[in-house]
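Each chain, written out:
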Amino acid sequence: MSKQQWTLLTTDTQKLQLFGMQVKVTTNYGDVFQGLIYYCDESIIILKNEEDFFLINQQSIQDLQTIDIQDPKQTLSNLLAIDLAAMAQEMIKKEMKEPHQQLFDHLQKLYRDVDWKDQEIIIPSISIRISPPYKSDNISGENKLGVERLRKIVDKYAKNF
């Protein structure tokens, strides 16, 4: 399908019929992308293959060809299932984080500059560090008020989790 033919597909219904089809897109710049039409509207087309998404400006499409699906793994429903499985795995990872990572995430909500330095959680803005095993007794720093405040936060956080 040439660019002219592609742009003639003006209605959403016409483009929706291409949704999930395996295509090969050649751009005005000579780039060639192959994958399933994951999304399209009047300005962009998103292709998905097993590994990546490709966001292509519709103005840059020189040629679009539909191709037969050789590999049943390349069907849209299978790629969507892979996406859902990856999302579920990320959610499980998030729920199963180590307690010290959860503490780090909690502190990031309170301080913008929380970071890791080796095994220690550091907060440079208040010159404080938390060493393993990340309890209130493991907090040190030059800022005594900051240390006391952080000890209360860590103790309160430990009680909740």
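Further up the page is the structure itself.
Residues numbered from 1 in each chain as written. Predicted model: local features only at pLDDT ≥ 70, side-chain atom pairs only at ≥ 80, totals over all residues. Heavy atoms only, no water.

### Notes on the packing of aromatic side chains
We count it as follows: Any two rings among Phe, Tyr and Trp, with Trp reduced to its six-membered ring, count as a pair given centres within 6.5 Å; such a pair is stacked if its planes are under 30 degrees apart, edge-to-face if over 60, and tilted if neither. Numbering of helices and strands starts at the N terminus; helices are DSSP runs of H or I of at least 4 residues and strands are runs of E of at least 2. Any residue under 20% of the maximum accessible area for its type is buried, any over 50% is exposed, and the rest in between are partly exposed; the area is computed with a 1.4 Å probe on protein chains only. For a ring to carry a charge above it, either NZ of a lysine or CZ of an arginine must fall within 6 Å of the ring centroid while also lying within 35 degrees of the normal to the ring plane.
All told, the structure shown has four aromatic pairs when counted by the stated rule. Judged by centre distance (5.0 Å) and plane angle (15 degrees), the ring pair of Phe 104 and Trp 116 falls under stacked. One end of the pair, Phe 104, is in helix 4 (residues 99-110); the other, Trp 116, is in strand 6 (residues 115-117), and twelve residues separate them in sequence. A relative accessible area of 27% places Trp 116 in the partly exposed class. Plain terms: the ring middles of Trp 116 and Tyr 134 are 6.0 Å apart, the flat faces sit at 90 degrees to each other, and that makes the pair edge-to-face. Placement of Trp 116 in strand 6 and of Tyr 134 in the loop between strand 8 (128-130) and strand 9 (139-141) is noted, with a sequence separation of 18 residues between them. Seen from the ring of Phe 53, Lys 48 lies directly overhead, with NZ or CZ sitting 4.5 Å from the centre.

### So, the pairing of strand 3 (residues 44-48)
Our working rule: Two strands make a pair as long as DSSP finds a minimum of two bridges between them.
Most of strand 3 is tucked away, with four of its five residues classed as buried. Between strand 2 (residues 32-40) and the antiparallel strand that follows it, strand 3, lie three residues.

### Digging into unusual backbone geometry
That bond from Pro 132 to Pro 133 is cis: its omega, 10 degrees, falls within 30 degrees of zero. Looking at the secondary structure, you find Pro 133 in the loop between strand 8 and strand 9. Positive phi values are uncommon outside glycine, yet Ser 127 reaches one of about 55 degrees. With respect to the secondary-structure elements, Ser 127 resides in the loop between strand 7 (120-123) and strand 8.

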